[in-house]
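A structural walkthrough
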Amino acid sequence: MAKTIDARNLTRIFGDTTAVDNISFSVDEGEIFGLLGPNGAGKTTTIRMLCCLISPTSGSAIIGGYNIADREGAMNIRRMIGLVPDNVGLYETLSAYDNLEFFGKMYELPDGLRRENVEKYLKLVDLWDKRDRAVGSFSKGMKQKVAIVRALIHDPKVLLMDKPTVNLDPEAAKGIRDLILQLRKDGRTVLINTHNLDEAQRMCDRIGVLKTKLIAVDTPQNLERAISGTQTVVVLEEVNDDILNAIKAVNPKDIKRDGNKLIIDVNNPEKETPVIINAIVSAGGKVISANRIGASLEEVYLKLVKE
Amino acid sequence: MRKSTLSWSRSETMKFWKAWIIAKKDLSILKRRKTLVGLIMALPLALGIALPSLTYYLMIRRNIPLSMATELLASFAFFFMIIAALLPLYISSYSLVGEKIEKSLESLLVTPVTDEEILIGKYIGAFLPMIISIYLGEIVFMALADFLTFTKLGYLFYPNWSFGIAMFIGVPLAIIYGISFSVLVSSKVNSVQSAYQIGATSLIPFYVLYVMGEINLISLTSSTNILLISAGLLIAVVILYLVSKKTFNREKIIMEWK
Ligand SMILES: Nc1ncnc2c1ncn2[C@@H]1O[C@H](COP(=O)(O)OP(=O)(O)O)[C@@H](O)[C@H]1O
Ligand SMILES: [Mg+2]
């Protein structure tokens, strides 16, 4: 699959603060990639470098075949990307329609296509009826939707969004998330900055955990699995000494009993769990369920970020 | 400096229509700031009424000699040039700093727009309301001055050459000078307040000329001098524009937001 964004050893230093330290990652075409990290992790700085708004201190990035460091390339990249900045960045006294018309013209869209897109995308976010109202009178969620439409107006292949759901109520946030998922269906490549783990997990195909350095990059599932637990919960119809002895014979690290529930800790779950289950069944135990306790992405994240 | 400016323009051709879109956008934002528009329109208009009235008062009540009255009237041509340089401080400092305050500059800078298109757009957006307002004030001024002084003078004082030169050459250049200065200042500062304060220093040459005129060191009513002053303004405008373009640093503008 084609790499739409390919960041190589990107570094940005402000005075004596290193905001982004030697990060490399790539985003495939049609993928939603999340940059996840706490405040001050360098997410905004990374997005700004990718948008050619600020230059890297060292390293480079290729977007859609163009280099961000190259002047001509930067112009082509700007035509290809849509940015939802961490502030909405709209003209508050102008109406939603006039804002979008203005940016459509700045992107050099032909009149017909521009009007078509303004209408299409305003309808997509349910704001077509409110198009003539000043953006300043909109709620945060509505402004954010207009900001997303603004970023979409020229049908960019790549969307870069800086905390698109921050400060929104849960319903508005869900609206935005659904919209982003819809964008992936249209084949767009999306890079999202977020400090919201749940959001990253729900939407992103892959997540890069950022804290000045890129700590890990993987799918949400793999990130969980990488540090998942070694404990298994087995619920039986009835627990008796025969069963317990049979399990002890396999030498697990630890067994806890809670009524008919056993929490068994082992060193190598892949190998030992089947043996234990087999031992339980041979001792006459009736297994109702057996579940590995996975670390949640949250635990993974906190663990990664603290290190 | 010249060399790098040229190589700059070669890689990014300026599209005038894009500057015009930015100007129109600024104008429609300005239209919604009713008090600001009122202020911009009111100042030259008030002068257009007050200055002839003052002259009339001095002629009728104080019986100043006619030659003094005409000298006074003629000096107002330069007065309007000062106003023309002053007025843009109130709006174009708003227009760039305004983008920073609204945080819209980041959205604008990620579009395929060149620095020059932004700068020219900002210039035009500020120039049009200024020139309309100053010309309106000057027309009212000339009509009222003629109306009030005709019987005493026996001829129509306006229009005349030196006022025409000041109006059609001096005033537009003074406006562009004021705009250039405040665009330059406002791309460097983050509050409207400091943009006004630093921008106000652009008027110092005008004050100096005015004082020199008052103590009869130079005549501010001669066409030649108005032309010379205009030439000076033209040079200042070109220099300020080149400096603005050269020092318009997107990255710095974005970084210094915090
Ligand atoms: N313009 C700037 N000048 C100086 N330091 C900056 C600037 N922008 C960001 N930083 C610093 O870089 C680090 C990363 O900031 P940022 O990219 O905004 O993080 P995030 O978006 O993840 O919260 C922070 O320590 C921040 O203070
Ligand atoms: Mg940020």
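Residues numbered from 1 in each chain as written. Chains lettered and ligands numbered in written order. Predicted model: local features only at pLDDT ≥ 70, side-chain atom pairs only at ≥ 80, totals over all residues. Heavy atoms only, no water.

**Details of the overall build of chain A**
- Secondary structure assignment for chain A yields 11 helices and 14 strands.
- Against the compact-globule benchmark of 19 Å for 307 residues, chain A has a radius of gyration of 25 Å, which places it well outside the compact range.
- C-alpha extents for chain A along the principal axes are approximately 80 × 45 × 35 Å.
- Expressed as a percentage of the 307 residues in chain A, the buried residues total 51%.
- Of the contacts formed within chain A by residues at least 6 apart in sequence, a portion of 68% connects residues at least 24 apart.
- In the structure as shown, chain A presents an accessible area of about 13700 Å², 45% of it carried by carbon and sulfur atoms.
- Mean positive and mean negative side-chain charge positions of chain A (42 and 42 charges, respectively) differ by 3 Å. (Helix = DSSP H or I, 4+ residues; strand = E, 2+ residues; numbered from the N terminus. Rg over C-alpha atoms; globule rule 2.2 N^0.38 Å. Buried < 20%, exposed > 50% of the residue type's maximum accessible area, 1.4 Å probe, protein only. Contact = heavy atoms within 4.5 Å. Areas by Shrake-Rupley, 256 points an atom, 1.4 Å probe, with all protein chains shown as cover. Lys, Arg positive; Asp, Glu negative; His and termini not counted. Charge placed at Lys NZ, Arg CZ, Asp CG, Glu CD.)

**Points about unusual backbone geometry**
- The omega angle of the peptide bond from B:Tyr158 to B:Pro159 is -5 degrees, so this bond is cis rather than trans.
- Position of B:Pro159 relative to the elements: it lies in the loop between helix 7 (115-153) and helix 8 (161-186).
- Even without being a glycine, A:Thr212 presents a positive backbone phi close to 65 degrees.
- If you trace the backbone, A:Thr212 turns up in the loop between strand 9 (206-211) and strand 10 (213-218).
- The partly exposed category is assigned to A:Thr212, whose relative accessible area is 22%.
- A positive phi is found at B:Asn216, a non-glycine position, where the angle reads about 60 degrees.
- Mapped onto the elements of the fold, B:Asn216 is located in the loop between helix 10 (204-214) and helix 11 (223-247).

**Focus on the packing of aromatic side chains**
Residue and element names in this part refer to chain B.
- Per the counting criterion, the structure on display carries 19 aromatic pairs over all chains.
- Geometrically, the ring pair formed by Phe76 and Phe79 is edge-to-face, given 6.2 Å between the ring centres and 80 degrees between the ring planes. Of this pair, Phe76 and Phe79 are both found in helix 4 (residues 66-86), 3 residues apart, which corresponds to roughly one turn of the helix.
- Assessed through its relative accessible area of 5%, Phe76 is described here as buried.
- With a centroid separation of 5.7 Å and an interplanar angle of 90 degrees, the aromatic rings of Tyr123 and Tyr241 are classed as edge-to-face. Linking Tyr123 in helix 7 with Tyr241 in helix 11, this pair joins segments that are 118 residues apart in sequence.
- Residue classification places Tyr241 among the buried positions, given a relative accessible area of 14%.
- Taken together through their ring pairs, the aromatic side chains of Phe76, Phe79, Phe80, Phe141, Phe157, Tyr158, Phe163 and Tyr210 make up a single cluster. (Phe/Tyr/Trp six-rings, centres within 6.5 Å; stacked < 30°, edge-to-face > 60°.)

**Overview of the domain arrangement of chain A**
- Each assigned domain of chain A is listed here: domain 1 (3-225) and domain 2 (227-306).
- Computed from C-alpha coordinates alone, the two centres of domain 1 of chain A and domain 2 of chain A are separated by 43 Å. (Domains from an automatic or database assignment.)

**Notes on helix 3 (residues 96-106) of chain A**
- Among the 11 residues in helix 3 of chain A, 9 count as buried, and that is most of the element.
- Of all the positions in helix 3 of chain A, only A:Ala96, A:Tyr97, A:Asn99, A:Leu100, A:Glu101, A:Phe102, A:Phe103, A:Gly104 and A:Met106 are classed as buried.
- As for helix 3 of chain A, its buried residues are in contact with helix 4 (111-124) and helix 5 (140-152) of chain A together with helix 2 (16-31) and helix 6 (104-109) of chain B.
- Residue A:Glu108 follows helix 3 of chain A closely and has a positive phi angle near 65 degrees.

**Concerning the sheet that holds strand 5 (residues 66-67) of chain A**
Residue and element names in this part refer to chain A.
- Reading across the sheet, the 4 strands line up as 2-1-4-5 and stay open at both edges, with antiparallel pairing between neighbours. If you trace the sheet from one side to the other, it starts and ends with strand 2 (17-28) and strand 5, each paired once.
- Sheet topology note: the strand 1 (residues 3-14)/strand 2 ladder contains 8 bridges and is antiparallel. Counterpart to Lys3 in the pairing with strand 2 is Asp28. (Pairing = 2+ DSSP bridges.)

**Here's the deal with the pattern of salt bridges**
- Evaluation of the coordinates by the stated rule reveals 27 salt bridges over all chains.
- A salt bridge links A:Arg48 to B:Glu106, with the shortest nitrogen-to-oxygen separation between them at 3.0 Å. Of this pair, A:Arg48 sits in helix 1 (residues 43-50) while B:Glu106 sits in helix 6, placing the two residues on different chains.
- As a salt-bridge pair, A:Arg177 and A:Glu199 come within 3.7 Å of each other at their nearest N and O atoms. Pair noted here: A:Arg177 is in helix 6 (residues 170-185) and A:Glu199 is in helix 7 (residues 197-203), with a separation of 22 residues, a long-range link.
- Its relative accessible area of 1% is what places A:Glu199 among the buried residues.
- Through salt bridges with shared partners, one network takes in A:Arg79, A:Glu108, B:Lys15 and B:Lys18. (Salt bridge = Lys/Arg side-chain N within 4 Å of Asp/Glu carboxyl O.)

**Some details on the interface of chain A and chain B**
- Facing 30 residues of chain A, the contacting portion of chain B comprises 30 residues.
- Taken together, both faces of the contact between chain A and chain B bury some 2900 Å²; the carbon and sulfur share is 61%.
- It is A:Leu53, A:Tyr91 and A:Met106 in chain A that bury the most area against chain B; as a group they hold 22% of the surface buried on that side.
- Those elements that place two or more of their residues in the side of chain A that touches chain B are strand 1, helix 2 (71-80) and helix 3 of chain A.
- In terms of residue class, the side of chain A that touches chain B is made up of 15 nonpolar, 4 polar and 11 charged. (Buried area = accessible area lost by both parts, 1.4 Å probe. Nonpolar A, V, L, I, M, F, W, Y, C, P; charged D, E, K, R; others polar.)

**Quick notes on the packing of helix 3 (residues 34-60) of chain B against helix 7 of chain B**
Residues and elements named next belong to chain B.
- One can describe the packing of helix 3 onto helix 7 by two numbers: an axis separation of 8 Å at closest approach and a directional angle of 15 degrees. Here helix 3 is positioned roughly parallel relative to helix 7, judged by the angle of their axes. In the crossing of helix 3 with helix 7, the sense of the turn from one axis to the other is right-handed.
- Counted by class, the contact of helix 3 with helix 7 contains 21 nonpolar, 5 polar and 1 charged residues. (Axes fitted to C-alpha atoms, helices over the stretch in contact; angles between N-to-C directions. Parallel < 35°, antiparallel > 145°, perpendicular 65-115°, else oblique. Left-handed = near helix turned anticlockwise from the far one by under 90°.)

**Looking at the site of ligand 1**
- In the vicinity of ligand 1 lie 13 residues, with A:Gly40, A:Lys43, A:Thr44, A:Thr45 and B:Met255 positioned nearest.
- In this structure, ligand 1 is bordered by residues of chains A and B.
- One of the backbone N or O atoms of A:Gly40 is found 2.7 Å from an oxygen atom in ligand 1.
- Note that an oxygen atom of ligand 1 is positioned 3.1 Å from one of the backbone N or O atoms of A:Ala41.
- In the complex, the protein chains occlude 75% of the 560 Å² of accessible area that ligand 1 would expose alone.
- Those elements giving two or more residues to the shell around ligand 1 turn out to be strand 2 and helix 1 of chain A.
- Top contributing element to the shell around ligand 1 by residue count: helix 1 of chain A, with 3 residues.
- Of the residues belonging to the shell around ligand 1, the class tally is 5 nonpolar, 6 polar and 2 charged. (Near = heavy atom within 4 Å. Polar contact = N/O pair within 3.5 Å; in protein donor to acceptor, adjacent residues only side chain to side chain.)

**Describing a nonpolar patch on the surface**
- Residues B:Leu45, B:Ile49 and B:Leu136 make up a contiguous nonpolar surface patch of roughly 230 Å² in combined accessible area.
- Along the polypeptide, B:Ile49 turns up in helix 3. (Patch = residues over 30% accessible without salt bridge, like charges linked within 9 Å, V, L, I, M, F, W, Y side chains within 5 Å.)

**So, the sheet that holds strand 6 (residues 81-84) of chain A**
All names here are of chain A.
- The strand order across the open sheet built from 6 strands is 6-7-8-3-9-10, with neighbouring strands paired in mixed fashion. Strands at the two margins of the open sheet, each flanked by one partner only, are strand 6 and strand 10. Looking at each pair of strands side by side, their axes are set apart by 15 degrees on average, direction ignored.
- The pairing of strand 3 (residues 32-36) with strand 8 (residues 189-194) spans 5 bridges and is classified as parallel.

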